[in-house]
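A look at the structure
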Amino acid sequence: WPNEKASKSEYDYIIIGAGTAGSTLAGRLSEDASITVLLIEAGPVDKHMFVETPLASPFLQGTERDWQIEIEPQRGACLGMPCV
């Protein structure tokens, strides 16, 4: 990596985030050989136990693994857990 195949100026789909959903979506889309897909992930591979365990993700909030991204409050959002 990088290789010549990855160096295109246009793609049919660009997927940001190689987590569970992004990887699955990219895999399904790339089953069609006529479609080009670019999957982008930021940062290095992280094998920390909490990163590998989805239920442990709340323990990563406020750490160096948390990007501290803030969003605009939206009515009807954050119904599953408190918005801070």
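Residues numbered from 1 in each chain as written. Predicted model: local features only at pLDDT ≥ 70, side-chain atom pairs only at ≥ 80, totals over all residues. Heavy atoms only, no water.

1. Regarding the pairing of strand β1 (residues 13–16)
Inclusion rule: By this definition, two strands are paired if DSSP reports at least two bridges between them. Numbering of helices and strands runs from the N terminus; a helix is a DSSP stretch of H or I covering at least four residues, while a strand is a stretch of E covering at least two. Convention used here: a crossover is right-handed provided that the path from the first strand, over the helix, to the second strand proceeds clockwise when the strands point away from the viewer.
Summarising the sheet, β1 and strand β2 (residues 37–40) pair through 4 bridges and their orientation is parallel. Paired with Ile-15 across the bridge in β2 is Leu-39. Taken together, β1, helix α1 (residues 20–29) and β2 form a β-α-β motif whose crossover is right-handed.

2. Topic: unusual backbone geometry
Positive phi outside glycine occurs at Gln-68, with the angle close to 60°. Relative to the assigned elements, Gln-68 resides in the segment after α2 (49–52).

3. Notes on the environment of Ser-30
Its place among the elements puts Ser-30 in the loop between α1 and β2. Between the C-alpha atoms of Ser-30 and Tyr-13, which are 17 residues apart in sequence, the distance is 9.6 Å.

4. Considering a nonpolar patch on the surface
How we decide: Patch membership needs two things, relative accessible area over 30% and no salt bridge, and members are linked within 9 Å if like-charged or within 5 Å if nonpolar (Val, Leu, Ile, Met, Phe, Trp, Tyr). Calculation of accessible area relied on Shrake-Rupley with a 1.4 Å probe; when residues are assessed, cover is drawn exclusively from the protein chains displayed. By definition, a salt bridge exists where a carboxyl oxygen of Asp or Glu is found within 4 Å of a side-chain nitrogen of Lys or Arg. To sort residues, take the accessible area from a 1.4 Å probe on protein chains only and compare it with the maximum for the residue type: under 20% means buried, over 50% means exposed, and anything in between is partly exposed.
Judged by side-chain polarity, Ile-14, Ile-16 and Ile-40 come together as a nonpolar surface patch covering roughly 300 Å² of accessible area. Relative to the helices and strands, Ile-40 is located in strand β2. Overall, Ile-40 belongs to the partly exposed group, its relative accessible area being 36%.

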